[in-house]
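# Structural overview
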Amino acid sequence: MPEAARKIRVQCDINGRVMSLEAHPMARLLDVLREQAGLTGTKEGCGEGECGACSIEMDGALVNSCLIPALQADGATIRTIEGFTHVVELSAVQQAFLTHGGAQCGICTPGMILAASNLLARNPEPTETEIREALSGNLCRCTGYTKIFESVLEACRTQRHRP
Amino acid sequence: MREKSPGVVHVELRLVEPGAQRRQQLADAAAPRRGREHDRRLVSVDDRRQLSVRAEALGLDCEQIEILQPDTSLVPNSGPTVASRTTMIVGKLVETAALVIRKSLMDAGFLKQGYSANDFASACRQYTDKFGALQSLVKYQHPGDLHWDDGKYQGDAYGAYAWAVYVAEVSVDMRTAEVRVEDFVAVQEVGKVINPILAAGQIEGGVAQGIGFALYENVVWQEGRMVNGQMTNYIMPTSMDVPPIRVFFEELPYARGPAGAKGIGELPLDGTAPAIANAIAHATGADIRQIPVTPEKLMEMLEGVHA
């Protein structure tokens, strides 16, 4: 059997938990997360790296998991949308999306939350232009983006006042 | 597993579709059973809008009404997935069903005018203790004064129209023929806004889709097949392509809508592209007869103008 057809062991930290997963080396990280790790919050929108529904954080960077081969995730620290739900209260971004209509059908929402949170971690006081740019890799068909920006701005305001 | 506190009323609605044109709703009002789990397996196809319609009709707080998530293993076939006038049609049925429940409670002598939310919960409890489950069945009926001849396509197809004015401001790069939507104002008269955030969200989403319709979403056909069916070559608006969309509502209540509401499902998609096309024409003098107005197409049109 050729090398690429044999499964390998991929060990990574997913949402603070070390997981050891078996996968083909060129399997998409998106599928490994959804099927092997059972983390179905990350969505497939296009499978070609255009829509951002599959966005995750890998070693701190926002990436499209549909384009990451499993072998590249070995040794990585990964955060998915499920990584936002292990705390007692919703994150500022999540809460803002709820109150400000940032989600309608919800299919883009996990990726948007990842992208917004990644932005705020790097830049806690972004301008609206910076928010637009940071979210430009996440497509949304329902909201027209307006309330997503409002949600992110609200999250900034909330975080500003949190100790 | 949670216990419900006394005073919380569970209204469960099931949407039944026995025929293509008719909708029925079954509304159960069940009083909370102290110390026991309430049966949550009855499902509802309602959402936040229906919740507030129901709450307002009954004079309750939204917190006192529980929405159950729809589950296709439990909900009967309700026909196609459409949503043009869900708030208006289904919302009205929900409102009516809720009022039937209230009337049943009053007729049974358990509820009086000017009741409080606690009075309502108590009345439900008394009713179900004495008579069992309280149900109301409401069926959609086509208004008798609306006559539509489907054979001749004559008459009044609809009881109401929602109205809108859309204004687009665009800038056109005269060298590259790229168009940017710089500002967009959407005013619509919708009878009654049930949920301001969702209503504005619907308009904003539709306008964004209209921007794509007007400028980016070119469908390439080859021998009857669409050949650009991937996100990489079918271009839809990103966050960089949509200006701040300013939304305003006017309200002239429609008697047959819940609290006067009309539908706004497809409304925002209708006027957006024409507004943008007219703005491009205004900016360039080109006669815009086709969308999307891609840079290639606009460049041809501009050559026609300056020829």
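The structure contained in this document is the topic of the report that follows. Bear in mind the structure is a predicted one, so any value in this text is a computation, not a measurement.

Attention now moves to the pattern of salt bridges. Where side chains of opposite charge bring their charged atoms close, a pairing between them can arise. Counted under the stated rule, the structure contains 16 salt bridges over all chains. Note that Arg256 of chain B is salt-bridged to Asp145 of chain B, the shortest N-O span being 2.5 Å. Of this pair, Arg256 of chain B sits in the loop between β10 (245-250) and α5 (267-284) while Asp145 of chain B sits in the loop between β3 (134-139) and β4 (148-149), and the two are 111 residues apart along the sequence. Because the salt bridges share partners, they merge into one network encompassing Arg28, Asp31 and Glu44 of chain A.

Let's shift gears to the nonpolar core. With 66 residues, the main nonpolar core has Leu135 of chain A together with Phe184, Leu215, Ile276, Ile280 and Leu298 of chain B as its most contacted residues. The leading source of residues in this core is helix α4 (residues 196-215) of chain B, at eight residues. Excluding anything up to four places from it in sequence, Leu298 of chain B contacts Val172, Ala177, Val179, Ile280, Ile288 and Val293 of chain B. Listed in part, the 19 residues of the second largest apolar core include Met19, Ala37, Met58 and Val63 of chain A.

With that out of the way, let us pick up the packing of helix α2 (residues 92-99) of chain A against helix α3 (residues 109-122) of chain A. Helix-helix packing: each pair is described by the crossing angle between the helix axes and the interaxial distance. Residue and element names in this part refer to chain A. Closest axis-to-axis distance for the α2/α3 pair is 9 Å, and the angle between their directions is 130 degrees. Between α2 and α3, the angle falls in the class oblique. Once α2 is placed against α3, the crossing between them reads as right-handed. The segment α2 lies against α3, with Val93, Gln94 and Phe97 engaging Thr109, Met112, Ile113, Ala116, Ser117 and Leu120. Residues of the contact of α2 with α3, tallied by class, amount to six nonpolar, three polar and no charged.

Further remarks concern helix α3 (residues 117-131) of chain B. Residues and elements named next belong to chain B. In this model, α3 (15 residues) spans 21 Å end to end at C-alpha, consistent with the 21 Å of a helix rising 1.5 Å per residue. Within the span of α3, buried status applies to Phe120, Ala121, Ala123, Cys124, Arg125 and Tyr127. Taken from the residues just after α3, Gly132 is the one with a positive phi, measuring 90 degrees.

Turning our eyes to something else, we now look at the interface of chain A and chain B. The interface of chain A with chain B comprises 24 residues on the first partner and 23 residues on the second. With both sides pooled, the region where chain A packs onto chain B buries about 1,800 Å², and carbon together with sulfur makes up 55% of that total. Considering only the side of chain A, the residues that lose the most area to chain B are Arg132, Arg141 and Lys147 of chain A, jointly responsible for 33% of the buried surface there. Remark: the boundary between chain A and chain B carries two salt bridges. Residue Arg141 of chain A is joined to Glu217 of chain B by a salt bridge in which the shortest nitrogen-to-oxygen separation is 2.6 Å.

Looking now at the sheet that holds strand β7 (residues 179-189) of chain B. All names here are of chain B. Overall, mixed pairing links the three strands, which are arranged β6-β7-β10 in an open sheet. Both outer strands of the open sheet, β6 (163-172) and β10, are each paired with one neighbouring strand and no more. Strand-to-strand twist of the sheet, defined as the mean angle between neighbouring strand axes without regard to direction, takes the value 10 degrees. The sheet contact formed by β6 and β7 spans 10 bridges and is antiparallel. Across the sheet, residue Trp163 finds its bridge partner in β7, namely Glu189. In this fold α4 packs onto β6, β7 and β10, with an angle of close to 125 degrees to the strand it touches most, β10.

Another aspect to go through is the pairing of strand β4 (residues 61-64) of chain A. Residues and elements named next belong to chain A. One ladder, built from four bridges, connects strand β3 (residues 55-58) with β4; its direction is antiparallel. From the neighbouring strand, Met58 faces β4, where its bridge partner is Ala61. A loop of two residues connects β3 with β4, the two strands running antiparallel in sequence, and Asp59 in this loop sits at a positive phi of about 50 degrees.

Here is what the cut-offs are and how they apply
In this numbering scheme, every chain counts its residues from 1 along its sequence in written order. Naming scheme: in the order in which they are written, chains are lettered from A and ligands are numbered from 1. Two thresholds apply to this predicted model, a pLDDT of at least 70 for residue-level local features and 80 or more for giving and counting side-chain atom pairs, whereas whole-chain, interface and lining totals are computed over all residues. Where side-chain values are given, they derive from all heavy atoms of the structure, hydrogens and water being excluded. One side-chain nitrogen of Lys or Arg within 4 Å of one carboxyl oxygen of Asp or Glu is enough to make a salt bridge. Working definition: helices are DSSP H or I runs of at least four residues, strands are E runs of at least two. Numbering for both runs from the N terminus. We call a set of buried Ala, Val, Leu, Ile, Met, Phe, Trp, Tyr and Cys residues a nonpolar core when their side-chain atoms join them within 4.5 Å. Buried means the residue's accessible area, taken with a 1.4 Å probe over protein chains only, is under 20% of the maximum for its type, while exposed means over 50%, and partly exposed covers the values in between. In what follows, a contact means two residues having at least one pair of non-hydrogen atoms within 4.5 Å. Lines fitted to C-alpha atoms define the axes, with helix axes restricted to the stretch in contact, and inter-axis angles between N-to-C directions lie between 0 and 180 degrees. Small angles under 35 degrees read as roughly parallel and large ones over 145 as roughly antiparallel, with 65 to 115 read as roughly perpendicular and the rest as oblique. Take the far helix as the reference: if the near one is turned anticlockwise from it by less than a right angle, the crossing is left-handed, and if turned clockwise, right-handed. Basically, the charged four are Asp, Glu, Lys and Arg, the nonpolar ten are Ala, Val, Leu, Ile, Met, Phe, Trp, Tyr, Cys and Pro, and anything else, Gly included, counts as polar. Expected span of a helix: the number of residues minus one, times 1.5 Å. Using a 1.4 Å probe, buried area is obtained as the accessible area two parts lose upon being combined, added over both of them. In short, DSSP must find at least two bridges between two strands for them to pair.

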